[in-house]
Amino acid sequence: CQDHYQALLSQVGKEIIMAFNDSLSDMLARIKNAHKANKAFTSCYKSKLNINVLSVLKDEGYIRDFQDVELRKGINNIKIDLKYYNGTPVIKRIKRISKPGIRVYSKINDLQKSYGGLGISILSTPKGVMSDQKARDNNVGGEILCEVF
């Protein structure tokens, strides 16, 4: 027991790196938690999928901006500038739809409008990551990554 206690004490103040396999869910949770805490910024791990989803969120007006930040050589994060309107978060709900354990795909004709047309769905299509409206314009379906309202 004493050895375990000493091992824990040696880790105090050190950064713990956790392994995970779904960086998109992690990013969405960080955005949701930052909005609940009324934070102006949040950060997440850098991946191509995260950057593409953030580009869609920026184009649709759900976030102000995002930028690549290098923590140290070879380790990058993304700093996300959250958007508020009259002190309330622009993003009311953000939900992961397709998960690593259960993927959700949709043809473009079968895709429902998110929150009665007030929200968006973000899809990963053969033509790239895009909003549901752009997917309808391009007549292409794909994996439904998340819904935003």
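Before any of the text, the structure's been laid out above.
Engineer: Outline the environment of asparagine 138, supporting the account with residue identities and numerical values.
Structural biologist: Within the secondary structure layout, asparagine 138 lies in helix α4 (residues 132-138). Sequence separation between asparagine 138 and isoleucine 108 is 30 residues, and the spatial gap between their C-alpha atoms is 9.4 Å.

Engineer: Could you give me a rundown of the environment of serine 55, with the residues and numbers involved?
Structural biologist: Mapping serine 55 onto the fold places it in helix α3 (residues 48-59). In this structure serine 55 comes out as partly exposed when scored by relative accessible area, which is 26%. Sequence spacing of serine 55 and phenylalanine 66 is 11 residues, and the spatial spacing of their C-alpha atoms is 8.3 Å.

Engineer: Describe the sheet that holds strand β3 (residues 75-82), listing the residues and the values that go with them.
Structural biologist: Strand-to-strand pairing in sheets goes through backbone hydrogen bonds, with the strands running parallel or antiparallel. Judged by pairing direction, the sheet is antiparallel, and its 3 strands sit side by side in the order β1-β3-β2 without closing on themselves. Looking at the sheet topology across the chains shown, the edges are occupied by β1 (41-45) and β2 (63-72). Shown here is a sheet whose adjacent strand axes are inclined to one another by a mean of 30 degrees, direction ignored. Relative to β2, α3 is tilted by about 155 degrees, and along the sheet it contacts β1, β2 and β3.

Engineer: Describe the packing of aromatic side chains, with residues and values.
Structural biologist: In this structure the tally under the stated criterion is 1 aromatic pair. Over the ring of phenylalanine 41 we find lysine 79; its NZ or CZ atom is 4.2 Å from the centre of that ring.

Engineer: Which residues make up the environment of glutamate 147, and what values do they have?
Structural biologist: Looking at where glutamate 147 falls in the secondary structure, it is placed in strand β10 (residues 142-148). Its relative accessible area of 22% is what places glutamate 147 among the partly exposed residues. For the pair glutamate 147 and aspartate 132, spaced 15 residues apart in sequence, the C-alpha separation works out to 9.6 Å. Beyond its immediate chain neighbours, meaning those up to four positions away, glutamate 147 contacts Arg93, Ile94, Lys95, Ile97, Ser114, Tyr115, Ile120 and Ser121.

Engineer: Could you give an account of α3, with specific residues and numbers?
Structural biologist: Across its 12 residues, α3 extends 17 Å between first and last C-alpha, which sits within 8% of the 16 Å expected from 1.5 Å per residue. Of the residues trailing α3, glycine 61 is marked for its positive phi of about 85 degrees.

Engineer: Can you lay out the nonpolar core for me, pointing to particular residues and giving the numbers?
Structural biologist: Proteins that are soluble and globular tend to have nonpolar side chains buried together. The biggest cluster of nonpolar side chains holds 24 residues, and the ones touching the most others in it are Met27, Leu54, Leu57, Ile80, Ile122 and Val148. Elements with a minimum of two residues in this core: α2 (23-36), α3, β2, β3, β8 (120-125) and β10. Examining the composition of this core, we find that 5 residues originate from one element, α2, more than from any other. Leave out the neighbours within four places in its chain, and leucine 57 touches Ile31, Tyr62, Ile63, Ile122 and Val148. Counting residues in each nonpolar core, the second largest holds 7 residues, with Leu111, Leu123, Ala135 and Ile144 among its members.

Engineer: Give me the lowdown on the pattern of salt bridges, citing residues and values where you can.
Structural biologist: Evaluation of the coordinates by the stated rule reveals 6 salt bridges. We note a salt bridge from arginine 136 to aspartate 132, for which the minimum N-O separation is 3.5 Å. Of this pair, arginine 136 and aspartate 132 are both found in helix α4, 4 residues apart, which corresponds to roughly one turn of the helix.

Engineer: With reference to specific residues and values, describe the side chain of threonine 42.
Structural biologist: Along the chain, threonine 42 turns up in strand β1. Assessed through its relative accessible area of 15%, threonine 42 is described here as buried. Sequence-distant contacts of threonine 42, that is, excluding residues within four places in its chain, are made with Arg30, Ile31, Ala34, Ile78, Lys79, Ile80 and Leu82.

Engineer: So what about the pairing of β8? Which residues, and what values?
Structural biologist: Among the 6 residues of β8, 5 are classified as buried, and the element is accordingly described as predominantly covered. With 5 bridges connecting them, β8 and β10 associate as antiparallel partners. Of the residues in β10, the one forming a bridge with leucine 123 is isoleucine 144. Alignment of β8 against strand β9 (residues 128-131), held across 4 bridges, turns out to be antiparallel. The partner of isoleucine 122 across the bridge, within β9, is serine 131. Adjacent in sequence and paired antiparallel, β8 and β9 are bridged by 2 residues.

About the criteria used
Counting from 1, residues in each chain are numbered in the order their sequence is written. Only residues with pLDDT of at least 70 get local features here, since the model is predicted, and only at 80 or more are side-chain atom pairs given and counted; chain-wide, interface and lining totals rely on the full set of residues. Note that the side-chain values use all heavy atoms of the structure and ignore hydrogens as well as water. In this text, helices come from DSSP runs of H or I with a minimum length of four residues, and strands from runs of E with a minimum of two, each type numbered from the N-terminal end. The classification of residues rests on relative accessible area computed with a 1.4 Å probe and restricted to protein chains. Under 20% of the type maximum is buried, over 50% is exposed, and intermediate values are partly exposed. Note on pairing: two strands pair once DSSP finds at least 2 bridges between them. Under this scheme, a helix contributes an axis fitted over its contacting stretch, all axes are lines through C-alpha atoms, and angles between N-to-C directions fall in the 0 to 180 degree range. Residue contacts are defined here by distance: any two heavy atoms, one from each residue, within 4.5 Å place the two residues in contact. Two rings from Phe, Tyr or Trp (for Trp, the six-membered ring) form a pair when their centres sit within 6.5 Å of each other. Planes less than 30 degrees apart are called stacked, planes more than 60 degrees apart edge-to-face, and all others tilted. Ring-over charges, as used throughout, are those where CZ of Arg or NZ of Lys falls within 6 Å of the ring centre and within 35 degrees of the ring normal. Under the convention used throughout, the expected extent of a helix is 1.5 Å for every residue step, that is, one less than its residue count. What we call a nonpolar core is a set of buried Ala, Val, Leu, Ile, Met, Phe, Trp, Tyr and Cys residues that are connected through their side-chain atoms within 4.5 Å. Any Lys or Arg side-chain nitrogen located within 4 Å of an Asp or Glu carboxyl oxygen qualifies as a salt bridge.

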